[in-house]
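Survey of secondary and tertiary structure
Listed below are the residues making up each chain.
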Amino acid sequence: MNLYQTVEREAAAAFAAAGIADSPVVLQPTKNAEHGDFQINGVMGAAKKTKQNPRELAQKVAEALASNAVIKSAEVAGPGFINLRLRPEFLAQNIQTALNNARFGVAKTDKPQTVVIDYSSPNLAKEMHVGHLRSSIIGDSISRVLEFMGNTVIRQNHVGDWGTQFGMLVAYLVEQQKDNAAFELADLEQFYRAAKVRFDEDPAFADTAREYVVKLQGGDETVLALWKQFVDISLSHAQAVYDTLGLKLRPEDVAGESKYNDDLQPVVDDLVEKGLAVEDDGAKVVFLDEFKNKDGEPAAFIVQKQGGGFLYASTDLACLRYRVGTLHADRLLYVVDHRQALHFEQLFTTSRKAGYLPEDVKAEFIGFGTMMGKDGKPFKTRSGDTVKLVDLLTEAVERATTLVKEKNPELGTDEAGKIGKTVGIGAVKYADLSKNRTSDYVFDWDAMLSFEGNTAPYLQYAYTRVQSVFRKAGEWDATAPTVLTEPLEKQLATELLKFEDVLQSVADTAYPHYLAAYLYQIATLFSRFYEACPILKSEGATRNSRLQLAKLTGDTLKQGLELLGIDVLDVM
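Residues numbered from 1 in each chain as written. Predicted model: local features only at pLDDT ≥ 70, side-chain atom pairs only at ≥ 80, totals over all residues. Heavy atoms only, no water.

Regarding the sheet that holds strand S8 (residues 283–288)
Rules: Note on pairing: DSSP must find at least two bridges between two strands before they are called paired. Secondary structure elements are defined from DSSP: runs of H or I of at least 4 residues count as helices, runs of E of at least 2 residues count as strands, and each element is numbered from the N terminus. Only the stretch in contact is used when fitting a helix axis, every axis being a line fitted to C-alpha atoms; angles between N-to-C directions are given from 0 to 180 degrees. Whether two residues touch is decided by their heavy atoms; if any such pair falls within 4.5 Å, the residues are in contact.
Taken together, the 3 strands give an open sheet; going across it, the order is S7-S8-S9, and neighbouring strands pair in antiparallel fashion. Each end of this open sheet is capped by a strand with a single partner; those strands are strand S7 (277–280) and strand S9 (299–304). On average, each strand axis in the sheet is inclined to that of its neighbour by 45 degrees, with strand direction left out of account. Pairing of S8 with S9 involves 5 bridges; the strand directions are antiparallel. Across the sheet, residue Val285 finds its bridge partner in S9, namely Ile302. Against the sheet, helix H10 (residues 264–273) touches S7, S8 and S9, its axis set at about 135 degrees to S9.

So, in structure tokens, the structure goes:
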């Protein structure tokens, strides 16, 4: 259910009864559960607008809520706040509905959209490194939530698979295979460095590489076949990382720069024909008055270089036109490093002017900050090299497995390894997703692998704790009436019924940390409820009711973590 909207509707009706129907309710959860479940903050603004005493007006609204089927009490506090407590019967009824619903009471959107989401997007010339982690897992989580809410989600992995560097790489691939017929590209990073050394030190090799570039761009079938061989090997490296991370990205989601190669010149010609792109010092440029510098000069959005070469801007324009015109996107999301913000703002503005991005299609830049080391600098190895993503994930699993063995020395190697992988990968992902994506964050092994605090291991353990209850519970009646009498029973029930509100917020804003914070709150509340309200030692209706709350807690944790791309375990 959408608890927030339900309460807001009742409050809006009370506002109308008090003669302030045009004023916003301004509803929010209370910061302290002792004061109630929700708080209305809109009365003060309405009182100022209508020149009334705020406390007297608040009292009118509270009285209009007194006989409400949803709200048990409405108490005026301070200068005109209204604290609301929900009826236990209302909560109990909706807990039952959620328990009997395969989606835990979460409704699908009544206005589904086709959402094209661009994320991960590594450069295929090198190994994936830690810089690709945030885009990959943030984008994956957003896509999961949007899909769960009933939207059609089209994932697009806009890999860097085109450009002059590929002439060098293909030339080196040919050279290696000539010397060793059984040659296999096992380490992309090492391969790239070796190719770059050959390019810089051997003029003949550099000339060959440039010839390959010309042939590649000209569509030479032999060179294209070699290029495809390199791309396929590179993509297999990337897919192995995606599989380890448990991402939903599949090979069929790859839509790299090369896909739009044939449309680059037509896009530039179209912009010129529409009077948007003009020639400037041999280049084709769109001047944007919306981005003037301090001297009042419009920003130059270059769409074609001198000599006819293309840029990211050219490819991104063709790509956007394809996603709207062919994929029929209603909403476009680009999950990219925040340093690219200006480029995408200019891309969207140019696309609007060109008619590639209609007014009824929303385009959003989903920026994110940098993963930092404990020294406050971008995360690197001790030697200062970029950290390969595959190495980071391997270390996460190894560290988690060691931790699991220390806590459970009786576990076999295979079982400890399975738990270690789930905990380790989950810890890396949650450490990122629990932070506001726009912020930089410090990568800290000890903090992320802790079983205390706002971490994946803590949430995963909370889930296993619920499963432990049911292994001991024996028979119980999941259909019996829910009875909520204790404060923590009501508090946990209220929080469980906010699941749809939180998911809708993530779908609207593309901030996965809202979901992470909610799951941590659920786990924390369950722990308090578990200690204060005995489950297995209680009897009759109370026992059944508390088991129902435990069941919905476990289901919500599992589904919520799945939407973050994190697995759970029945035993840890």
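Overview of the nonpolar core
Selection criterion: Nine residue types can take part in a nonpolar core, namely buried Ala, Val, Leu, Ile, Met, Phe, Trp, Tyr and Cys, and a core is a set of them joined through side-chain atoms within 4.5 Å. Accessibility here uses a 1.4 Å probe with only protein chains present; expressed as a share of the type maximum, an area under 20% marks a residue as buried, one over 50% as exposed, and anything in between as partly exposed.
Counting 126 residues, the largest nonpolar core has Ile40, Leu84, Leu392 and Leu515 as its most contacted members. Discounting chain neighbours no more than four positions away, the residues touching Leu515 are Val145, Phe499, Val502, Leu503, Val506, Gly560, Leu563 and Leu564.

Things to note about the packing of helix H6 (residues 165–179) against helix H9 (residues 221–245)
Our working definition: Roughly parallel here means an angle under 35 degrees, roughly antiparallel means over 145, roughly perpendicular means 65 to 115, and every remaining angle is called oblique.
It is at 10 Å that the axes of H6 and H9 come closest, and there the two elements cross at 90 degrees. The pairing of H6 with H9 is recorded here as roughly perpendicular in orientation. Touching Phe166, Leu169, Val170, Leu173, Val174 and Gln177 of H6 are Leu226, Trp227, Gln229 and Phe230, all from H9.

Here we look at the pattern of salt bridges
Pairs can form between side chains of opposite charge whenever their charged atoms are close. Filter applied, for reference: Only one rule defines a salt bridge in this text: a Lys or Arg side-chain nitrogen within 4 Å of an Asp or Glu carboxyl oxygen.
The final tally for this structure, using the stated rule, is 23 salt bridges. Between Asp232 and Lys228 there is a salt bridge, and its shortest N-O distance comes to 2.9 Å. Of this pair, Asp232 and Lys228 both sit in helix H9, 4 residues apart, which is roughly one turn of the helix. For Asp232, a relative accessible area of 37% gives the class partly exposed. On the basis of relative accessibility, which here comes to 47%, the residue Lys228 falls in the partly exposed class. Taken together, the shared-partner salt bridges in this structure form one network comprising Glu147, Arg155 and Lys248.

A closer look at the packing of helix H5 (residues 133–148) against helix H20 (residues 540–563)
Going by this rule: Any residue outside Ala, Val, Leu, Ile, Met, Phe, Trp, Tyr, Cys, Pro, Asp, Glu, Lys and Arg is labelled polar, Gly included; the first ten of those are nonpolar and the last four are charged.
Closest axis-to-axis distance for the H5/H20 pair is 8 Å, and the angle between their directions is 125 degrees. Considering the angle they form, H5 stands oblique to H20. Contact residues: H5 offers Ser141, Arg144, Val145 and Phe148, while H20 offers Gln559, Glu562 and Leu563. Per-class residue counts for the contact of H5 with H20 are 3 nonpolar, 2 polar and 2 charged.

Here we look at the packing of aromatic side chains
In plain terms, the rule: Pairing of aromatic rings covers Phe, Tyr and Trp, the last through its six-membered ring, and needs centres within 6.5 Å; plane angles under 30 degrees mean stacked, over 60 mean edge-to-face, and all others mean tilted.
One pass over the structure, following the stated rule, counts 18 aromatic pairs. Relative to Phe344, the ring of Tyr334 lies with its centre 5.0 Å away and its plane at 45 degrees, an arrangement referred to as tilted. Within this pair, whereas Tyr334 is found in strand S10 (residues 331–337), its partner Phe344 is found in helix H12 (residues 341–354), the two being separated by 10 residues in sequence. In this pair, the class of Tyr334 matches that of Phe344, namely buried. Ring geometry for Phe344 against Phe348: centres 6.1 Å apart, planes inclined by 55 degrees, an arrangement best described as tilted. Of this pair, Phe344 and Phe348 both sit in helix H12, 4 residues apart, roughly one helical turn. A relative accessible area of 6% places Phe344 in the buried class. With a relative accessible area of 10%, Phe348 lands in the buried category. An aromatic cluster is built from Phe166, Tyr172, Phe191, Phe205 and Phe230, whose rings are joined through pairwise contacts.

Things to note about the pairing of strand S3 (residues 71–77)
In the sheet, S3 pairs with strand S4 (residues 81–86) via 6 bridges, with the strands oriented antiparallel. The residue of S4 that forms the bridge with Ala77 is Phe81. With antiparallel pairing between neighbouring strands as the criterion, S3 and S4 make up a hairpin whose turn holds 3 residues, including Gly78 at a positive phi of roughly 60 degrees.

Side note on the side chain of Asp37
Keep this limit in mind: The term polar contact refers here to a pair of N or O atoms within 3.5 Å; inside protein, the definition further demands a hydrogen-donor-capable atom paired with an acceptor-capable atom, and it admits residues adjacent in sequence only when both atoms are side-chain atoms.
In this structure, Asp37 sits in the loop between strand S1 (27–29) and strand S2 (38–40). A polar side-chain atom of Asp37 sits 2.8 Å from the main-chain amide nitrogen of Leu86. Filtering out sequence-adjacent residues up to four positions away, Asp37 remains in contact with Pro29, Thr30, Leu84, Arg85, Leu86 and Thr494.

Concerning the pairing of S7
With 4 bridges connecting them, S7 and S8 associate as antiparallel partners. Across the sheet, Glu279 pairs through a bridge with Lys284, a residue of S8. Where S7 folds back on S8, the antiparallel hairpin that results is connected by 2 residues, among which Asp281 adopts a positive phi of roughly 55 degrees.

Quick look at H20
The periodicity of an α-helix, 3.6 residues per turn, causes residues three or four positions apart to be oriented the same way. Test applied: For a helix, the expected span equals 1.5 Å multiplied by the number of residues minus one.
Between its first and last C-alpha atoms H20 spans 35 Å; for 24 residues at 1.5 Å apiece the expected length is 34 Å, and the two agree. Counting buried positions over the 24 residues of H20 gives 18, a clear majority of the element. Positive backbone phi, at 85 degrees, marks Gly565, one or two positions downstream of H20.

Purely geometric numbers; function is a separate question.
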